[in-house]
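Here is what each chain is made of, one letter per residue.
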Amino acid sequence: MKAFYCLPFAFMILIACQKNNTSEAETSKTYSYWVSDKESKNFSASSLQFLARLTVDTLSKYTYTDVKGIEIIYNTMDAFKNPIEASGMLLIPEGFEGMGPLISYQHATLSSDADAPTNSGLGANELSIAAVMSGIGAVVAVADYVGYGHSSDHKHPYQHKENTAQTTYDFLLAVEEYLHHQKIRTNGALYLTGYSQGGHATLSLHQKIETENKFQVTHSIPGAGAYNLTLLTQEILSKDEDLPFMSGYVWVLEVYNRIYPTLNRPLSFYFKEPYASRLSSLTAFNASMDTTLIPQNPQKLFKKETIDDFLSGADTEWIEIMHQNSVHDWSPKAPITLFHGTADDYIYPSNPESAFSQIKANGGDIHYIPLEDLDHHEAFAPFLLGALKIIFQ
């Protein structure tokens, strides 16, 4: 769901450059996923140190190095399994000699394509978080996801587990090919992490990796993710109050309704009028949807029979789609550490508790760190510190 945490924006310190392009003809002769690359951004150690100190003062304890950012175009698939090209950023510390890990950082909800990692500079955004991680001493891969960056002509399949896993996995394959071509080695460790939408994406990718058996995950560190979407939907539809994330949940439902043939219902099936007509007139659903289009109280937005059928279990098609896109019930091989604010009013704490209980019951090595009395925004900083401690311990 949408991440509303923010970073201080008291700086304008990005130096960008363009160089070392690799032609598509060169890469396509040898590699299956990596299409092309462009060194598009450089981040100085001093700017990363400054950013880290403004974000969370404790981050200033780390020593930072200069980081170069490589924009990678790669082969993957859209939500309907059509082949497409997508993009992502690869961040590499200057003078990296293989002593650090590879981190796959899954970004949170974006308000616009301008916020995509490949379109961002150093500032209050997801790319900057990844750059700080890289500056400490890691190669960091950040996929834009389908719908952003190079693939912005496609609709973003928000919270769609299969496509999120596929595109982030394919980006890791492209990164592997690029690093091999450039003779850049890591220490062999692979960490997965992300917050909010990135938390769900992290466990989706983790499950995909262990299914494919190509990479070996060292540790997975998601924060504030919606892992059990059936439970989240039940909780939302049971509320009779204004909720701060209704536009985000409507976006999720629109994505699933459009992608899955077993749904593919008119929006008037779910929503009362005039809200169904207002939503049907939209050309695109995204995080910046006008909240005045719909009431924020689910009892005022959804039809009563729609709510009753989901909560009673009668709407088996909708329930099944929510289950398919959940990541709370499986048995991982690599350890997982969940972080979540106990006062989170976007993704309720019952969600990570559900994932923790079910994965543990399945035999998984999972740990849950509740961040006491912190909401969705406030929990991000301690999550980031906790993730870095695990990675760079």
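See the structure printed just above.
This is a predicted model, so every value here is computed, not measured.

Topic: the overall build of the protein chain
Of regular secondary structure, the protein chain possesses 13 helices and 10 strands. Computed over the C-alpha atoms, the radius of gyration of the protein chain is 20 Å, within 12% of the 21 Å expected from 2.2 N^0.38 for a compact globule of 393 residues. Its C-alpha atoms give the protein chain principal-axis dimensions of about 60 × 45 × 45 Å. Here the protein chain holds 393 residues, and the buried ones make up 60% of them. Long-range contacts, defined here as pairs at least 24 residues apart, represent 79% of the contacts in the protein chain between residues at least 6 apart. Of the roughly 15,400 Å² that the protein chain leaves accessible, carbon and sulfur atoms contribute 49%. Charged side chains of the protein chain number 26 positive and 44 negative; the gap between the two group centres comes to 3 Å.

Considerations on the side chain of His-328
Looking at the element boundaries, His-328 is found in the loop between helix H11 (316-324) and strand S9 (336-341). At 3.4 Å, the side chain of His-328 and the side chain of Asn-228 are in polar contact. The contact partners of His-328, leaving out residues within four places of it in the chain, are Tyr-227, Asn-228, Ser-354, Ala-355, Gln-358 and Ile-359.

Considering the packing of helix H3 (residues 126-137) against helix H13 (residues 380-391)
Closest axis-to-axis distance for the H3/H13 pair is 12 Å, and the angle between their directions is 30°. It follows that H3 is roughly parallel to H13 by the angle criterion. Between H3 and H13 lies a crossing of right-handed hand. In this structure, H3 uses Ile-129, Met-133 and Ile-136 to contact H13, whose residues at the interface are Phe-380, Leu-384 and Leu-388. Residue composition of the contact of H3 with H13, by class: six nonpolar, no polar and no charged.

Side note on the packing of aromatic side chains
Scanning all chains against the criterion turns up 19 aromatic pairs. Both rings, one in Phe-245 and one in Tyr-346, keep their centres 6.1 Å apart while their planes meet at 45°; by these two values the pair is tilted. With Phe-245 in the loop between helix H6 (229-238) and helix H7 (246-259) and Tyr-346 in the loop between S9 and helix H12 (350-361), this residue pair connects regions lying 101 residues apart in the sequence. The same class applies to Phe-245 as to Tyr-346, namely buried. With 5.2 Å between their ring centres and 80° between their planes, Phe-269 and Tyr-270 make a pair best called edge-to-face. Under the relative-accessibility criterion, Phe-269 is labelled partly exposed at 33%. Note on Tyr-270: relative accessible area 0%, which makes it buried. Aromatic rings pair up to connect Phe-269, Tyr-270, Phe-271, Phe-302, Phe-310 and Trp-318 into one cluster. If you follow Lys-208 out to its NZ or CZ, it ends over the ring of Tyr-169, 5.6 Å from the centre.

Some thoughts on the pattern of salt bridges
Within this structure, the stated rule accounts for eight salt bridges. As a salt-bridge pair, Asp-315 and Arg-265 come within 2.8 Å of each other at their nearest N and O atoms. A residue pair is termed long-range when its members are at least 10 positions apart, and Asp-315 in the loop between helix H10 (304-312) and H11 and Arg-265 in the loop between H7 and helix H8 (275-280) qualify at 50 residues. For Asp-315, a relative accessible area of 6% corresponds to the buried category. Each member of the salt-bridge network shares a partner with another, and the members are Arg-265, Asp-315 and Glu-317.

Overview of the nonpolar core
Judged by nonpolar contacts, the single largest core of 46 residues is most densely connected at Val-250, Tyr-256, Phe-271, Phe-302 and Trp-318. When contributions to this core are tallied by element, the ones reaching two or more residues are H6, H7, H8, H10 and H11. In terms of residue count, the dominant contributor to this core is H7 (nine residues). In this view, Tyr-256 contacts Tyr-158, Gln-159, His-160, Leu-229, Leu-263, Ile-321, Met-322 and Asn-325; residues no more than four positions away in its chain are not counted.

Structural notes on the environment of Glu-162
Examined against the element boundaries, Glu-162 turns out to sit in helix H4 (residues 161-182). With 39 residues separating them along the chain, Glu-162 and Ala-201 place their C-alpha atoms 9.6 Å apart. A distance of 3.1 Å separates a polar atom in the side chain of Glu-162 from a polar atom in the side chain of Lys-81.

Looking at the side chain of Ser-326
Summarising the element assignment, Ser-326 is placed in the loop between H11 and S9. Here the side chain of Ser-326 touches Leu-229 through a polar contact of 2.9 Å, landing on its backbone nitrogen. Separated by 2.7 Å, the side chain of Ser-326 and the backbone oxygen of Met-322 make a polar contact. Dropping the residues within four chain positions of it, Ser-326 is found in contact with Lys-161, Tyr-227, Asn-228, Leu-229 and Thr-230.

Parameters and conventions
- Residues numbered from 1 in each chain as written.
- Predicted model: local features only at pLDDT ≥ 70, side-chain atom pairs only at ≥ 80, totals over all residues.
- Heavy atoms only, no water.
- Helix = DSSP H or I, 4+ residues; strand = E, 2+ residues; numbered from the N terminus.
- Rg over C-alpha atoms; globule rule 2.2 N^0.38 Å.
- Buried < 20%, exposed > 50% of the residue type's maximum accessible area, 1.4 Å probe, protein only.
- Contact = heavy atoms within 4.5 Å.
- Areas by Shrake-Rupley, 256 points an atom, 1.4 Å probe, with all protein chains shown as cover.
- Lys, Arg positive; Asp, Glu negative; His and termini not counted.
- Charge placed at Lys NZ, Arg CZ, Asp CG, Glu CD.
- Polar contact = N/O pair within 3.5 Å; in protein donor to acceptor, adjacent residues only side chain to side chain.
- Axes fitted to C-alpha atoms, helices over the stretch in contact; angles between N-to-C directions.
- Parallel < 35°, antiparallel > 145°, perpendicular 65-115°, else oblique.
- Left-handed = near helix turned anticlockwise from the far one by under 90°.
- Nonpolar A, V, L, I, M, F, W, Y, C, P; charged D, E, K, R; others polar.
- Phe/Tyr/Trp six-rings, centres within 6.5 Å; stacked < 30°, edge-to-face > 60°.
- Lys NZ or Arg CZ within 6 Å of the ring centre and 35° of its normal.
- Salt bridge = Lys/Arg side-chain N within 4 Å of Asp/Glu carboxyl O.
- Core = buried A, V, L, I, M, F, W, Y, C linked by side-chain atoms within 4.5 Å.

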